[in-house]
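Now for the letters of each chain:
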Amino acid sequence: MGRKAAVTAVLACLALAVAPLALAAPGGIGPPEQNTPSGEAISQLYWFVFAICAVVFVAVETTLILFVVRFRRRRMTAAEAEGPQIHGNTRLEIIWTIVPALILVGVAVVVLVRNPAVEASSSSDGDALPVRVEAHQFYWQYVYPDGVVSVDRLVLPVDQPVELRITSFDVDHSWWVPELTGKRDALPGRTNTLRFTAVHEGTFEGKCAELCGALHPVMPTEVEILSAAAYERWRAEQEGQQSGDAQAALGRATWERVCAECHGAAGEGDYGPPIAGSGTLVNREGLAELVQEGQNQADVAGYMPPVGRGWPDFQVDALIAYIESSQDLRPEGQPDGG
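Everything numeric here is computed off the predicted structure, so don't read it as measured data. (Residues numbered from 1 in each chain as written. Predicted model: local features only at pLDDT ≥ 70, side-chain atom pairs only at ≥ 80, totals over all residues. Heavy atoms only, no water.)

(A) The arrangement of a nonpolar patch on the surface in detail. Residues V56, V60, I95, V99 and I103 make up a contiguous nonpolar surface patch of about 370 Å² in total accessible area. Elements represented by at least two residues in the nonpolar patch include exactly α2 (37-70) and α3 (90-119). Here the nonpolar patch takes three residues from α3, the largest share from any one element. In this fold, V56 is placed in helix α2. (Patch = residues over 30% accessible without salt bridge, like charges linked within 9 Å, V, L, I, M, F, W, Y side chains within 5 Å. Areas by Shrake-Rupley, 256 points an atom, 1.4 Å probe, with all protein chains shown as cover. Salt bridge = Lys/Arg side-chain N within 4 Å of Asp/Glu carboxyl O. Helix = DSSP H or I, 4+ residues; strand = E, 2+ residues; numbered from the N terminus.)

(B) Seen up close, the pattern of salt bridges. Applying the stated criterion across every chain yields a total of eleven salt bridges. The salt bridge involving R235 is made with D146; its shortest N-O contact spans 2.8 Å. With R235 in helix α4 (residues 228-238) and D146 in the loop between β2 (139-143) and β3 (149-151), this residue pair connects regions lying 89 residues apart in the sequence. In this structure, E163 engages R165 in a salt bridge whose closest nitrogen and oxygen atoms are separated by 2.7 Å. Look at the salt bridges and you will find they share partners, linking D152, R257 and E261 into a network.

(C) Structural detail: the pairing of strand β8 (residues 192-196). Alternating positions in β8 separate cleanly, N192, L194 and F196 being buried on one face and T193 and R195 remaining unburied on the opposite face. As judged from the five bridges shared by strand β5 (residues 162-168) and β8, these two strands associate in the antiparallel manner. Within β8, the residue paired with E163 across the bridge is R195. (Buried < 20%, exposed > 50% of the residue type's maximum accessible area, 1.4 Å probe, protein only. Pairing = 2+ DSSP bridges.)

Structure follows, in C-alpha coordinates:
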(Lines give C-alpha, C1' and ligand atoms only; values in the text may rest on other atoms or scores of the structure.)
Protein backbone atom coordinates (compact mmCIF):
# COMPACT_ATOMS: atom_id res chain seq x y z
CA MET A 1 0.00 0.00 0.00
CA GLY A 2 1.36 3.38 -0.99
CA ARG A 3 2.02 6.16 1.48
CA LYS A 4 -0.89 8.27 0.27
CA ALA A 5 -3.25 5.31 0.42
CA ALA A 6 -2.14 4.52 3.99
CA VAL A 7 -2.71 8.09 5.14
CA THR A 8 -6.12 8.12 3.48
CA ALA A 9 -7.08 4.85 5.19
CA VAL A 10 -6.01 6.14 8.61
CA LEU A 11 -7.98 9.37 8.19
CA ALA A 12 -11.04 7.42 7.03
CA CYS A 13 -10.84 5.13 10.10
CA LEU A 14 -10.52 8.12 12.42
CA ALA A 15 -13.52 9.78 10.77
CA LEU A 16 -15.60 6.62 11.20
CA ALA A 17 -14.58 6.33 14.85
CA VAL A 18 -15.27 9.96 15.72
CA ALA A 19 -18.51 10.38 13.73
CA PRO A 20 -20.78 8.45 16.15
CA LEU A 21 -19.42 10.47 19.08
CA ALA A 22 -19.89 13.75 17.23
CA LEU A 23 -23.44 12.95 16.18
CA ALA A 24 -24.57 11.41 19.47
CA ALA A 25 -26.64 13.46 21.88
CA PRO A 26 -26.34 14.86 24.46
CA GLY A 27 -22.98 16.51 24.00
CA GLY A 28 -22.74 15.91 20.25
CA ILE A 29 -24.01 17.93 17.35
CA GLY A 30 -27.21 15.93 17.02
CA PRO A 31 -30.50 16.60 18.84
CA PRO A 32 -31.54 14.27 21.67
CA GLU A 33 -34.00 11.44 21.15
CA GLN A 34 -37.45 12.98 20.86
CA ASN A 35 -40.51 12.08 22.93
CA THR A 36 -43.18 13.99 20.98
CA PRO A 37 -44.35 14.11 17.35
CA SER A 38 -43.54 17.82 17.19
CA GLY A 39 -40.06 17.16 18.55
CA GLU A 40 -39.57 14.45 15.94
CA ALA A 41 -40.52 16.93 13.22
CA ILE A 42 -37.92 19.35 14.58
CA SER A 43 -35.30 16.60 14.59
CA GLN A 44 -36.11 15.66 10.97
CA LEU A 45 -35.76 19.27 9.85
CA TYR A 46 -32.49 19.55 11.74
CA TRP A 47 -30.96 16.56 9.97
CA PHE A 48 -32.31 17.69 6.59
CA VAL A 49 -30.64 21.10 6.90
CA PHE A 50 -27.52 19.53 8.43
CA ALA A 51 -27.14 17.12 5.49
CA ILE A 52 -27.39 19.93 2.93
CA CYS A 53 -24.89 22.05 4.86
CA ALA A 54 -22.51 19.08 5.15
CA VAL A 55 -22.66 18.38 1.40
CA VAL A 56 -22.08 22.06 0.57
CA PHE A 57 -19.22 22.29 3.08
CA VAL A 58 -17.47 19.19 1.70
CA ALA A 59 -17.93 20.34 -1.90
CA VAL A 60 -16.60 23.84 -1.23
CA GLU A 61 -13.65 22.73 0.91
CA THR A 62 -12.70 19.94 -1.52
CA THR A 63 -12.76 22.40 -4.43
CA LEU A 64 -10.71 24.87 -2.40
CA ILE A 65 -8.05 22.27 -1.56
CA LEU A 66 -7.90 21.03 -5.15
CA PHE A 67 -7.43 24.58 -6.44
CA VAL A 68 -4.76 25.33 -3.83
CA VAL A 69 -2.84 22.20 -4.84
CA ARG A 70 -3.43 22.54 -8.58
CA PHE A 71 -2.56 26.21 -8.90
CA ARG A 72 0.14 26.54 -6.24
CA ARG A 73 3.39 28.31 -7.05
CA ARG A 74 5.94 25.82 -8.36
CA ARG A 75 9.54 25.71 -7.16
CA MET A 76 10.92 26.65 -10.53
CA THR A 77 8.63 29.68 -10.81
CA ALA A 78 10.38 33.01 -10.38
CA ALA A 79 9.42 34.90 -7.24
CA GLU A 80 8.44 38.01 -9.22
CA ALA A 81 6.33 36.08 -11.73
CA GLU A 82 2.58 36.77 -11.82
CA GLY A 83 -0.09 34.23 -12.42
CA PRO A 84 -2.00 34.20 -15.70
CA GLN A 85 -4.60 36.96 -15.94
CA ILE A 86 -7.86 35.15 -16.71
CA HIS A 87 -11.12 36.93 -17.47
CA GLY A 88 -14.17 35.80 -15.48
CA ASN A 89 -16.29 32.93 -16.76
CA THR A 90 -19.86 34.21 -17.09
CA ARG A 91 -21.42 30.76 -17.30
CA LEU A 92 -19.61 29.57 -14.15
CA GLU A 93 -20.58 32.72 -12.23
CA ILE A 94 -24.23 32.24 -13.17
CA ILE A 95 -24.09 28.60 -12.04
CA TRP A 96 -22.60 29.36 -8.63
CA THR A 97 -25.20 32.07 -8.10
CA ILE A 98 -28.26 30.10 -9.19
CA VAL A 99 -27.38 26.77 -7.51
CA PRO A 100 -27.08 28.22 -3.94
CA ALA A 101 -30.29 30.19 -4.52
CA LEU A 102 -32.12 27.01 -5.54
CA ILE A 103 -30.74 25.19 -2.51
CA LEU A 104 -32.02 27.93 -0.19
CA VAL A 105 -35.43 27.89 -1.87
CA GLY A 106 -35.58 24.11 -1.44
CA VAL A 107 -34.73 24.38 2.25
CA ALA A 108 -37.37 27.09 2.74
CA VAL A 109 -40.06 25.01 1.01
CA VAL A 110 -39.35 21.90 3.10
CA VAL A 111 -39.31 23.92 6.35
CA LEU A 112 -42.59 25.66 5.51
CA VAL A 113 -44.25 22.34 4.59
CA ARG A 114 -43.11 20.68 7.84
CA ASN A 115 -43.75 23.69 10.07
CA PRO A 116 -47.39 22.75 10.88
CA ALA A 117 -46.12 19.45 12.33
CA VAL A 118 -43.77 21.42 14.57
CA GLU A 119 -46.36 23.93 15.75
CA ALA A 120 -49.57 21.93 16.15
CA SER A 121 -50.71 19.29 18.58
CA SER A 122 -52.04 16.01 17.26
CA SER A 123 -55.53 16.86 18.53
CA SER A 124 -57.80 19.85 18.42
CA ASP A 125 -57.22 22.65 20.91
CA GLY A 126 -60.37 21.68 22.82
CA ASP A 127 -58.84 18.30 23.73
CA ALA A 128 -55.56 19.76 25.02
CA LEU A 129 -54.75 20.14 28.71
CA PRO A 130 -54.09 23.88 29.28
CA VAL A 131 -51.29 24.73 31.72
CA ARG A 132 -50.20 28.27 32.47
CA VAL A 133 -46.41 28.63 32.55
CA GLU A 134 -45.21 31.66 34.51
CA ALA A 135 -41.55 32.63 34.19
CA HIS A 136 -39.90 34.48 37.06
CA GLN A 137 -36.39 35.40 38.04
CA PHE A 138 -35.27 32.63 38.52
CA TYR A 139 -37.77 29.76 38.43
CA TRP A 140 -40.78 28.40 36.54
CA GLN A 141 -44.26 28.21 38.03
CA TYR A 142 -46.97 25.97 36.57
CA VAL A 143 -50.66 26.64 37.21
CA TYR A 144 -53.19 23.94 36.30
CA PRO A 145 -56.82 24.57 35.30
CA ASP A 146 -58.09 23.82 38.82
CA GLY A 147 -55.60 26.25 40.37
CA VAL A 148 -53.01 23.71 41.52
CA VAL A 149 -49.54 25.29 41.61
CA SER A 150 -46.24 23.51 40.99
CA VAL A 151 -42.80 25.12 41.15
CA ASP A 152 -40.12 24.08 38.64
CA ARG A 153 -41.83 20.71 38.12
CA LEU A 154 -44.37 20.16 35.36
CA VAL A 155 -46.27 16.88 35.67
CA LEU A 156 -48.25 15.69 32.63
CA PRO A 157 -50.08 12.54 31.49
CA VAL A 158 -48.67 10.48 28.64
CA ASP A 159 -50.49 10.55 25.28
CA GLN A 160 -52.42 13.65 26.35
CA PRO A 161 -52.20 16.76 24.13
CA VAL A 162 -50.94 19.71 26.17
CA GLU A 163 -51.11 23.43 25.54
CA LEU A 164 -48.63 25.52 27.53
CA ARG A 165 -49.60 29.18 27.85
CA ILE A 166 -46.31 30.86 28.54
CA THR A 167 -45.77 34.34 29.95
CA SER A 168 -43.31 36.25 32.13
CA PHE A 169 -43.72 38.49 35.15
CA ASP A 170 -40.39 40.31 34.88
CA VAL A 171 -37.86 39.94 32.02
CA ASP A 172 -37.59 37.82 28.87
CA HIS A 173 -37.18 34.08 29.41
CA SER A 174 -37.45 31.05 27.10
CA TRP A 175 -38.95 27.68 28.05
CA TRP A 176 -37.12 24.72 26.52
CA VAL A 177 -37.10 20.98 27.17
CA PRO A 178 -34.98 19.61 24.30
CA GLU A 179 -36.32 16.03 24.47
CA LEU A 180 -39.95 17.15 24.19
CA THR A 181 -40.24 19.94 21.67
CA GLY A 182 -38.90 23.32 20.60
CA LYS A 183 -38.40 26.40 22.76
CA ARG A 184 -40.87 29.20 23.25
CA ASP A 185 -40.18 32.71 24.56
CA ALA A 186 -41.77 33.92 27.79
CA LEU A 187 -42.36 37.66 27.39
CA PRO A 188 -43.86 40.20 29.83
CA GLY A 189 -47.35 41.28 28.83
CA ARG A 190 -47.74 38.55 26.22
CA THR A 191 -48.88 34.91 26.25
CA ASN A 192 -47.26 32.49 23.80
CA THR A 193 -48.57 28.97 23.31
CA LEU A 194 -46.67 25.73 22.86
CA ARG A 195 -48.45 22.47 22.03
CA PHE A 196 -47.11 18.92 22.17
CA THR A 197 -48.07 15.35 23.08
CA ALA A 198 -45.60 13.18 25.02
CA VAL A 199 -45.69 9.57 23.84
CA HIS A 200 -43.40 7.98 26.46
CA GLU A 201 -43.27 8.15 30.24
CA GLY A 202 -40.16 9.56 31.87
CA THR A 203 -38.51 12.60 33.40
CA PHE A 204 -37.01 15.24 31.13
CA GLU A 205 -34.74 18.13 32.05
CA GLY A 206 -35.28 21.62 30.69
CA LYS A 207 -33.80 25.06 31.04
CA CYS A 208 -34.27 28.74 30.39
CA ALA A 209 -32.85 29.39 26.92
CA GLU A 210 -32.77 33.19 27.22
CA LEU A 211 -30.17 35.10 29.27
CA CYS A 212 -32.40 36.52 32.01
CA GLY A 213 -30.04 37.77 34.70
CA ALA A 214 -27.26 36.89 37.09
CA LEU A 215 -28.78 33.54 38.16
CA HIS A 216 -29.84 32.44 34.67
CA PRO A 217 -27.75 29.21 34.88
CA VAL A 218 -29.71 28.03 37.94
CA MET A 219 -33.13 28.24 36.27
CA PRO A 220 -33.79 24.64 35.26
CA THR A 221 -37.13 22.91 35.05
CA GLU A 222 -38.29 19.31 35.13
CA VAL A 223 -41.09 17.69 33.15
CA GLU A 224 -42.37 14.38 34.45
CA ILE A 225 -44.58 12.34 32.11
CA LEU A 226 -46.78 9.85 34.00
CA SER A 227 -49.36 7.26 33.09
CA ALA A 228 -52.95 8.49 33.19
CA ALA A 229 -53.60 6.74 36.51
CA ALA A 230 -50.39 8.02 38.13
CA TYR A 231 -51.14 11.54 36.91
CA GLU A 232 -54.62 11.47 38.46
CA ARG A 233 -53.12 10.30 41.76
CA TRP A 234 -50.62 13.15 41.66
CA ARG A 235 -53.36 15.69 40.96
CA ALA A 236 -55.40 14.31 43.86
CA GLU A 237 -52.39 14.70 46.16
CA GLN A 238 -52.02 18.36 45.16
CA GLU A 239 -55.62 19.30 45.89
CA GLY A 240 -56.21 21.46 48.94
CA GLN A 241 -52.93 23.37 48.89
CA GLN A 242 -54.47 25.72 51.45
CA SER A 243 -53.73 23.24 54.28
CA GLY A 244 -52.28 19.89 55.25
CA ASP A 245 -49.64 17.91 53.39
CA ALA A 246 -50.32 19.64 50.08
CA GLN A 247 -49.71 23.05 51.69
CA ALA A 248 -46.50 21.80 53.32
CA ALA A 249 -45.23 20.45 49.99
CA LEU A 250 -46.01 23.72 48.18
CA GLY A 251 -44.37 25.80 50.93
CA ARG A 252 -41.23 23.67 50.85
CA ALA A 253 -41.01 23.78 47.04
CA THR A 254 -41.52 27.57 47.05
CA TRP A 255 -38.75 28.07 49.60
CA GLU A 256 -36.27 25.69 47.97
CA ARG A 257 -36.87 26.73 44.34
CA VAL A 258 -37.47 30.46 44.87
CA CYS A 259 -36.07 31.88 48.11
CA ALA A 260 -33.14 29.50 48.64
CA GLU A 261 -31.78 30.12 45.13
CA CYS A 262 -30.51 33.48 46.36
CA HIS A 263 -30.57 33.31 50.15
CA GLY A 264 -29.28 29.78 50.82
CA ALA A 265 -31.03 26.58 51.87
CA ALA A 266 -31.17 27.68 55.52
CA GLY A 267 -31.49 31.40 54.82
CA GLU A 268 -27.82 31.83 55.72
CA GLY A 269 -27.10 34.09 52.77
CA ASP A 270 -25.55 33.33 49.42
CA TYR A 271 -26.05 35.55 46.39
CA GLY A 272 -28.59 37.46 48.49
CA PRO A 273 -28.21 38.53 52.14
CA PRO A 274 -28.94 36.22 55.10
CA ILE A 275 -32.63 36.25 56.04
CA ALA A 276 -32.95 33.43 58.56
CA GLY A 277 -34.82 34.64 61.64
CA SER A 278 -36.21 37.75 59.95
CA GLY A 279 -39.61 38.77 61.26
CA THR A 280 -40.70 39.73 57.74
CA LEU A 281 -40.74 36.04 56.81
CA VAL A 282 -43.67 35.35 59.10
CA ASN A 283 -45.44 38.68 58.68
CA ARG A 284 -48.02 37.96 56.01
CA GLU A 285 -48.55 41.54 54.89
CA GLY A 286 -44.84 42.35 54.87
CA LEU A 287 -43.84 39.12 53.07
CA ALA A 288 -46.57 39.49 50.45
CA GLU A 289 -45.48 43.05 49.70
CA LEU A 290 -41.81 42.02 49.53
CA VAL A 291 -42.27 39.14 47.07
CA GLN A 292 -44.82 40.98 44.92
CA GLU A 293 -43.09 44.38 44.76
CA GLY A 294 -39.44 43.44 45.24
CA GLN A 295 -36.95 45.65 47.02
CA ASN A 296 -34.84 48.35 45.45
CA GLN A 297 -34.02 50.94 48.09
CA ALA A 298 -31.05 53.27 48.27
CA ASP A 299 -30.35 52.41 51.92
CA VAL A 300 -30.45 48.64 51.31
CA ALA A 301 -27.59 46.89 49.52
CA GLY A 302 -28.52 44.88 46.46
CA TYR A 303 -31.74 44.49 44.52
CA MET A 304 -34.43 41.89 44.99
CA PRO A 305 -36.72 41.27 42.00
CA PRO A 306 -40.46 40.83 42.59
CA VAL A 307 -40.18 37.05 42.67
CA GLY A 308 -43.77 36.47 43.77
CA ARG A 309 -45.81 38.46 41.28
CA GLY A 310 -48.95 36.56 40.38
CA TRP A 311 -48.80 34.22 43.38
CA PRO A 312 -52.19 33.13 44.73
CA ASP A 313 -52.80 33.99 48.37
CA PHE A 314 -52.53 30.35 49.44
CA GLN A 315 -48.95 30.17 48.12
CA VAL A 316 -47.88 32.99 50.44
CA ASP A 317 -49.62 31.18 53.29
CA ALA A 318 -47.88 27.93 52.35
CA LEU A 319 -44.47 29.65 52.37
CA ILE A 320 -45.12 31.20 55.81
CA ALA A 321 -46.30 27.84 57.16
CA TYR A 322 -43.10 26.18 55.94
CA ILE A 323 -40.91 28.92 57.45
CA GLU A 324 -42.73 28.67 60.79
CA SER A 325 -42.13 24.90 60.78
CA SER A 326 -38.39 25.31 60.17
CA GLN A 327 -36.11 25.66 63.16
CA ASP A 328 -33.46 27.29 60.96
CA LEU A 329 -35.74 29.89 59.36
CA ARG A 330 -38.34 31.04 61.88
CA PRO A 331 -37.55 34.02 64.12
CA GLU A 332 -36.15 33.29 67.54
CA GLY A 333 -38.93 32.70 70.02
CA GLN A 334 -41.43 31.97 67.26
CA PRO A 335 -43.45 28.84 68.12
CA ASP A 336 -43.21 25.84 65.81
CA GLY A 337 -46.01 26.22 63.27
CA GLY A 338 -45.80 22.60 62.12
